[in-house]
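Listed below are the residues making up each chain.
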Amino acid sequence: MLPTIRQLQYLKLLAEHGAFGKAAEAAHVTQPTLSAGIQELERTLGAPVVDRARTGVILTPVGEEALRRATVILNEAEELVEAAKNAGQPLTGRFRLGVIPTIAPFLLPGALPLLRQRFPKLKLFLREDLTQRLIAQLKAGRLDAALIALPFDMGGLEWAHVADDELLAALPADHPLAKLASASPEAMERENLILLEDGHCLREHALSACKLGPPKISNGEEPFTATSLPTLVQMVGSGLGVTFLPRMAVSAGLDKAADVAIRPIDAEHPSREIVVAWRSGSNRRAEGRLLAEVLKEV
């Protein structure tokens, strides 16, 4: 005997919700039905998969391993259904796309109307999050593709190039560096360099492209950081320091929100690479490549 897809779905929902009642509700079945499915799974495997307690359920070591393998099997089953539905019709039906915050507001406004026009049957579900979390969701099968920026650790993933996004210097309009045609990384480092907070890959991209180390503690105070690019621009416009901005944000007019000057960076190829990524071996590979081709136009 082998576990059924339904039993594996019950196990996954039980792990997510931590209680039989909530898992049954999510599965749209009665609690006895879900409980019977888990018991049948345990009989098939010859070992308990959960420890039942008053406070909820906890997966046993066998249950943890079963869940890990079940996730892979369920992902493949879902992709099989989607591939069959969309055979010969790329980018139709559900497509779950993750996008990082330093790309989403600048690329999507132009991309979404074009995608609706080209693929009217596409049901695009968007999730905006930081790169590391999007990649984790991609590998777990909760996303079909992600629009992210490189360099980043891409083990277990494939990707298609969309564009190289130049990094630019953003300075207070009355700053001495604003009087120059370009800004060197060394000159930027000598100023109050403000970056996005840890977790935003643009922070590491800027430092890596300009061969700089992270801002250091000065006079016992932590360096300023920002939670988003709009906040970063406002901080620079207020004279708190200097920063780096991606060209796509400048092209979208982000720099117009404050009194800042934009200058090219005097460094070798200061940029990040924008890509569409998907799980290695995914059935959505062709659609990921097609999506990247459309985004190139934007």
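Everything numeric in this text was worked out from a predicted model, so none of it was measured.

Colleague: What am I meant to see in helix α9 (residues 229-237) here?
Modeller: Every α-helix carries 3.6 residues per turn, so stepping three or four residues along brings you back to the same face. Of all the positions in α9, only Leu229, Leu232, Val233, Met235 and Val236 are classed as buried. Within α9, the buried residues cover an arc of 160° as seen down the axis, which keeps them to one side.

Colleague: For this particular structure, what's the right way to read helix α11 (residues 285-297)?
Modeller: Counted at 1.5 Å a residue, the expected span for α11 with its 13 residues is 18 Å, and the 19 Å between its end C-alpha atoms agrees. Within the sequence span of α11, burial applies to Glu287, Gly288, Leu291, Ala292, Val294 and Leu295. Here the buried residues of α11 occupy an arc of 165° about the axis, which is enough to place them on one side. The inward-facing, buried residues of α11 abut β3 (93-99), α5 (104-118), β5 (145-150), β6 (157-172) and β11 (271-279).

Colleague: Would you mind showing me how to read the environment of leucine 112 here?
Modeller: Mapping leucine 112 onto the fold places it in helix α5. In sequence terms leucine 112 and aspartate 164 are 52 residues apart; their C-alpha atoms lie 20 Å from each other. Leucine 112 has contacts with Leu124 and Leu126, leaving out every residue within four places of it along the chain.

Colleague: Just to check I follow, could you spell out the packing of helix α1 (residues 5-17) against helix α2 (residues 20-27) for this structure?
Modeller: When two helices pack together, their arrangement is given by the angle between their axes and by how far apart the axes lie. One way to put it is that α1 packs onto α2 with a least axis distance of 8 Å and a crossing angle of 125°. By the angle between their directions, the pair α1 and α2 is classed as oblique. Crossing geometry of α1 relative to α2 is assigned as right-handed. Residue-level inspection shows Arg6, Tyr10, Leu13, Leu14 and His17 of α1 in contact with α2, the latter providing Phe20, Lys22, Ala23, Ala26 and Ala27. Partitioned by chemical class, the residues of the contact of α1 with α2 number seven nonpolar, one polar and two charged.

Colleague: When you look at the pairing of strand β4 (residues 122-128) in this model, what are you seeing that I'm missing?
Modeller: In summary, the side chains of a regular strand alternate between the two faces of the sheet. Pairing between β3 and β4: seven bridges, direction parallel. Looking across to β4, one finds that phenylalanine 95 is bridged to leucine 124. Taken together, β3, α5 and β4 constitute a β-α-β crossover, and its handedness is right-handed.

Colleague: Got a minute to help me understand the state of the cysteines in this structure?
Modeller: Two cysteines joined by a covalent bond between their sulfur atoms form a disulfide. For the structure shown, the criterion picks out zero disulfides. With no disulfide partner, cysteine 201 has as its closest neighbouring cysteine sulfur the one in cysteine 210, 15 Å distant. Judged by its relative accessible area of 8%, cysteine 201 falls in the buried class.

Colleague: Would you take a moment to explain the pattern of salt bridges for this structure?
Modeller: A side chain with one charge can pair with a side chain of the opposite charge if their charged atoms come near. With the rule as written, the count across this model stands at 18 salt bridges. With a closest N to O distance of 3.8 Å, arginine 127 and aspartate 129 form a salt bridge. Classification of arginine 127 as partly exposed rests on a relative accessible area of 42%. On the basis of relative accessible area, aspartate 129 is assigned to the buried category, the value being 11%. The partner of glutamate 293 in a salt bridge is lysine 296, with the nearest N and O atoms 3.2 Å apart. Linking glutamate 293 with lysine 296, this pair stays in helix α11, spanning three residues, or about one helical turn. What you see here is one network of salt bridges that share partners, running through Arg96, Asp144, Arg284 and Glu287.

Colleague: It is not clear to me how the side chain of arginine 284 should be interpreted in this structure. Could you clarify?
Modeller: Looking at the element boundaries, arginine 284 is found in the loop between β11 and α11. Within polar-contact distance, the side chain of arginine 284 engages the side chain of aspartate 144 at 3.4 Å.

Colleague: I keep staring at the environment of alanine 206 and nothing clicks. Help me out?
Modeller: Along the chain, alanine 206 falls in helix α8 (residues 201-209). Given a relative accessible area of 1%, alanine 206 falls into the buried group. Separated by 169 residues in the primary sequence, alanine 206 and glycine 37 place their C-alpha atoms 51 Å from one another. For alanine 206, the residues in contact, after removing those within four places along its chain, are Leu167 and Phe244.

Colleague: Teacher, can you tell me more about the layout of surface pockets here?
Modeller: When its volume is computed, the second largest pocket comes out at roughly 330 Å³. Lining the second largest pocket we find 15 residues, and of these Gln9, Lys12, Leu13, Glu16 and Glu78 sit closest to its centre. Of all the secondary-structure elements, those providing two or more residues to the lining of the second largest pocket are α1, α2, α4 (61-85) and β3. If you tally residues by element for the lining of the second largest pocket, the top one is α1, at five residues. By residue class, the composition of the lining of the second largest pocket is four nonpolar, four polar and seven charged.

Calculation criteria
Residues numbered from 1 in each chain as written. Predicted model: local features only at pLDDT ≥ 70, side-chain atom pairs only at ≥ 80, totals over all residues. Heavy atoms only, no water. Buried < 20%, exposed > 50% of the residue type's maximum accessible area, 1.4 Å probe, protein only. Helix = DSSP H or I, 4+ residues; strand = E, 2+ residues; numbered from the N terminus. Arc of directions from axis to C-beta. Expected span 1.5 Å × (residues − 1). Contact = heavy atoms within 4.5 Å. Axes fitted to C-alpha atoms, helices over the stretch in contact; angles between N-to-C directions. Parallel < 35°, antiparallel > 145°, perpendicular 65-115°, else oblique. Left-handed = near helix turned anticlockwise from the far one by under 90°. Nonpolar A, V, L, I, M, F, W, Y, C, P; charged D, E, K, R; others polar. Pairing = 2+ DSSP bridges. Right-handed = clockwise from strand over helix to strand, strands pointing away. Disulfide = S-S within 2.5 Å. Salt bridge = Lys/Arg side-chain N within 4 Å of Asp/Glu carboxyl O. Polar contact = N/O pair within 3.5 Å; in protein donor to acceptor, adjacent residues only side chain to side chain. 1 Å grid on protein atoms, 1.4 Å probe; cavity = no way out; pocket = protein on both sides within 12 Å on 5 of 7 lines; lining within 4 Å. Points joined across faces, edges and corners; volume = space filled by probe spheres on them.

Any functional reading would require information that these geometric values do not contain.
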